[in-house]
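Each chain, letter by letter, is given below.
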Amino acid sequence: KQEVTQIPAALSVPEGENLVLNCSFTDSAIYNLQWFRQDPGKGLTSLLLIQSSQREQTSGRLNASLDKSSGRSTLYIAASQPGDSATYLCAANSGGGADGLTFGKGTHLIIQP
Amino acid sequence: GAVVSQHPSWVICKSGTSVKIECRSLDFQATTMFWYRQFPKQSLMLMATSNEGSKATYEQGVEKDKFLINHASLTLSTLTVTSAHPEDSSFYICSARQGGGNYGYTFGSGTRLTVV
C-alpha cells in the first residue's frame, strides 16, 4: 500500500527566501505525482503534475522534481511571497485511472512579510 | 481547463438526518469520480471511488451503508451521509479526471459538514 510522507510538517520563513518542500513515497510504481495547494477551509488547487517518465516540471516560481528510484519529490518555491502561505500537499497516483490519490499530510507554510 | 463543482459548500444538520452532497464535472465527462474526507489538520483520505453506472468501491473501514454514493450520469456523482452523527462532521471533497492516466486530478471546492 502506498504511503506518502511530507517533511517538514510546518515551515515559516521571511518573504523573499527560496525554499524546498519534500515528499517521499514508498511504492515507486507510480503513474504520476501531483502537488496541490490548499488554503484554510478551501478545496485543492493543482500546482504541478509530474508524469512518471519526467524528472521535473516548472510553473512560474514553482519547480517540482521527481526521482522515482529513490521515491522522492521536491517542490521548490523561488522568491517566496506572503501570498504563498498555505498548506502544500503531495499526492501519488499509483493506479492510473481506476484509483484515487494517496496524499501526504502536507506542509503548512507561512511566509512572513 | 477541467472544472469540478461541488455543492453545498457547507451544511449543518441535526444528528440522525441525512445529507446529500453533489459533485459535477462541468466541462468534461467523468466515468470515475473520487470522494475524500479530511479531518482537521489531517490529510485527505480516500473514502470511495464512484463509478458511472455501477456500484461504488469503498476503501477499507468506510461503511457503504452510511455513505451512499450514486453516479447516475457521466457528469454527476452524489454522496449521501445517512443518519449523520457528530463524528461524521468533516470536510468532504470530490475529484475527477478529465482523461486517462497522464491527466491530473481536479478537485471540487469541498463541503464542510457539521452535525449537531
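About the criteria used
- Residues numbered from 1 in each chain as written.
- Chains lettered and ligands numbered in written order.
- Predicted model: local features only at pLDDT ≥ 70, side-chain atom pairs only at ≥ 80, totals over all residues.
- Heavy atoms only, no water.
- Patch = residues over 30% accessible without salt bridge, like charges linked within 9 Å, V, L, I, M, F, W, Y side chains within 5 Å.
- Areas by Shrake-Rupley, 256 points an atom, 1.4 Å probe, with all protein chains shown as cover.
- Salt bridge = Lys/Arg side-chain N within 4 Å of Asp/Glu carboxyl O.
- Helix = DSSP H or I, 4+ residues; strand = E, 2+ residues; numbered from the N terminus.
- Buried < 20%, exposed > 50% of the residue type's maximum accessible area, 1.4 Å probe, protein only.
- Contact = heavy atoms within 4.5 Å.
- Buried area = accessible area lost by both parts, 1.4 Å probe.
- Pairing = 2+ DSSP bridges.
- Axes fitted to C-alpha atoms, helices over the stretch in contact; angles between N-to-C directions.
- Polar contact = N/O pair within 3.5 Å; in protein donor to acceptor, adjacent residues only side chain to side chain.
- Disulfide = S-S within 2.5 Å.

Attention now moves to a nonpolar patch on the surface. All names here are of chain B. Taken together, the side chains of W10, I12 and V116 present a nonpolar region at the surface, about 370 Å² in accessible area. With respect to the helices, strands and loops of the structure, V116 is situated in the segment after β11 (111–115). With relative accessibility at 56%, the residue V116 sits in the exposed group.

Here we come to the interface of chain B and chain A. Accessible area lost upon the coming together of the parts serves often as the stated size of an interface. Between chain B and chain A, the residue contacts involve 21 residues of the former and 22 residues of the latter. It is S43, Y105 and F107 of chain B that lose the most area in chain B upon contact with chain A, and together they represent 32% of the buried surface on that side. At the junction of chain B with chain A, the criterion picks out 0 salt bridges. Among the elements that line the side of chain B that touches chain A, the one with the most residues is strand β4 (residues 32–38) of chain B, at 4 residues.

This brings us to the sheet that holds strand β3 (residues 19–25) of chain B. Residues and elements named next belong to chain B. The antiparallel open sheet is built from 4 strands, whose spatial order is β1-β3-β8-β7. Of all strands in the sheet, those with a lone pairing partner are β1 (4–7) and β7 (67–73), marking the two edges. Adjacent strand axes in the sheet meet at a mean angle of 15°, parallel and antiparallel pairs treated alike. Where β7 meets strand β8 (residues 76–81), 5 bridges bridge the pair, whose relative direction is antiparallel. For L68, the partnering residue across the bridge sits in β8 and is T80.

Attention now goes to the side chain of S80 of chain A. Residues and elements named next belong to chain A. Note that S80 resides in the loop between β8 (72–77) and β9 (86–93). In terms of polar contacts, S80 uses its side chain to reach the backbone carbonyl oxygen of E17, at 2.8 Å. Residue contacts for S80: discarding those within four places in its chain leaves V13, P14, E15, G16, E17, L19, R61 and I111.

A disulfide bridge is the covalent bond that connects two cysteines by way of their sulfur atoms. Going through the model one piece at a time under the given rule, you end up with 2 disulfides over all chains. Each sulfur in the disulfide pair C23 of chain A and C90 of chain A lies 1.9 Å from the other. Between C23 of chain A and C90 of chain A, the S-S dihedral sits near -55°, and the bridge is therefore left-handed. In this pair, C23 of chain A sits in strand β3 (residues 19–25) while C90 of chain A sits in strand β9, placing the two residues 67 residues apart along the sequence. In this structure, C23 of chain A and C90 of chain A share a single accessibility class: buried. The residue that forms a disulfide with C23 of chain B is C94 of chain B, at a sulfur-sulfur distance of 2.0 Å. For the disulfide bridge between C23 of chain B and C94 of chain B, the dihedral angle about the S-S bond is near 85°, and by the sign convention the bridge is right-handed. Taken as a pair, C23 of chain B in strand β3 and C94 of chain B in strand β9 (residues 90–97) lie far apart in primary sequence, 71 residues in all.

Attention shifts here to the side chain of H71 of chain B. Residues and elements named next belong to chain B. With respect to the helices and strands, H71 occurs in strand β7. H71 gets classed as buried once you look at its relative accessible area, which sits at 5%. Looking at H71, its side chain comes within polar contact range of the side chain of S50, at 2.7 Å. At 3.2 Å, the side chain of H71 and the backbone oxygen of S73 are in polar contact. For H71, the residues in contact, after removing those within four places along its chain, are A30, T31, T32, M33, S50, N51, E52, G53, L76 and S77.

With that out of the way, let us pick up the environment of S94 of chain A. Residue and element names in this part refer to chain A. Its place among the elements puts S94 in the loop between β9 and β10 (101–103). With relative accessibility at 26%, the residue S94 sits in the partly exposed group. Taking the C-alpha atoms as reference points, S94 and S28, separated by 66 residues in sequence, lie 8.5 Å from one another. Ignoring sequence-local partners within four residues, the contact set of S94 consists of Q2, A29, I30 and Y31.

To continue, consider the environment of L49 of chain A. Looking at the secondary structure, you find L49 of chain A in strand β5 (residues 44–51). Put simply, L49 of chain A and A91 of chain A are 42 residues apart on the chain and 9.6 Å apart in space, counted from C-alpha to C-alpha. Dropping the residues within four chain positions of it, L49 of chain A is found in contact with N32, L33, Q34, Q54 and Q57 of chain A together with N102, Y103 and G104 of chain B.

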